[in-house]
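Listed below are the residues making up each chain.
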Amino acid sequence: MCAGVEKPGGALVWHVMAKNTARTLCGQRLGQRVDGASAQRAGHCSTCMARFGKLMAAPPAVSSPAATDR
């Protein structure tokens with residue numbers, strides 16, 4: 001998770017960061033530093049949360065450690 005603006009000039013929200021990239025799940029590239037006190041009150045990016053929900057509901061990839069029997 002990383003705090004940033006929802007859209008240029010928008011409200012401060014928490015975004016879900018995509019794995020191994022500098023982009024969020026909603027496609028934004030966050031480069032601006034955010035004050036920690038401001039981030040404490042921020043909501044969540046609805047687009048990031050919707051995409052995260054879909055990823056969590058999807059079956060694991062065949063090559064994923066979660067897909068192997070232990």
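Just so it is clear, the model here is predicted, and its values are computed rather than measured.

1. Topic: a nonpolar patch on the surface
Next up, step 1: On the surface, a nonpolar cluster with roughly 420 Å² of combined accessible area is contributed by Met1, Met49, Phe52 and Met56.
Next up, step 2: The topology assignment puts Phe52 in helix α2 (residues 46-57).

2. A short note on the pairing of strand β2 (residues 12-15)
Next up, step 1: Because side chains alternate across β2, one face comprises the buried residues Val13 and His15, and the other comprises Leu12 and Trp14, none of which is buried.
Next up, step 2: Where strand β1 (residues 2-5) lies against β2, four bridges are found, and the strand directions are antiparallel. Bridge assignment links Ala3 to a residue of β2, and that residue is Trp14.
Next up, step 3: Hairpin connection from β1 to β2: six residues lie between these consecutive antiparallel strands, with Gly9 at a positive phi of about 80°.

3. As for the confidence of the model for the protein
Next up, step 1: The share of residues in the protein with pLDDT of 70 or more is 90%, and the mean pLDDT across the chain is 84.
Next up, step 2: Ranking the helices and strands of the protein by mean pLDDT puts α2 first, with 94, and helix α1 (residues 36-40) last, with 80.

Calculation criteria
- Residues numbered from 1 in each chain as written.
- Predicted model: local features only at pLDDT ≥ 70, side-chain atom pairs only at ≥ 80, totals over all residues.
- Heavy atoms only, no water.
- Patch = residues over 30% accessible without salt bridge, like charges linked within 9 Å, V, L, I, M, F, W, Y side chains within 5 Å.
- Areas by Shrake-Rupley, 256 points an atom, 1.4 Å probe, with all protein chains shown as cover.
- Salt bridge = Lys/Arg side-chain N within 4 Å of Asp/Glu carboxyl O.
- Helix = DSSP H or I, 4+ residues; strand = E, 2+ residues; numbered from the N terminus.
- Buried < 20%, exposed > 50% of the residue type's maximum accessible area, 1.4 Å probe, protein only.
- Pairing = 2+ DSSP bridges.
- pLDDT = per-residue confidence, 0-100.

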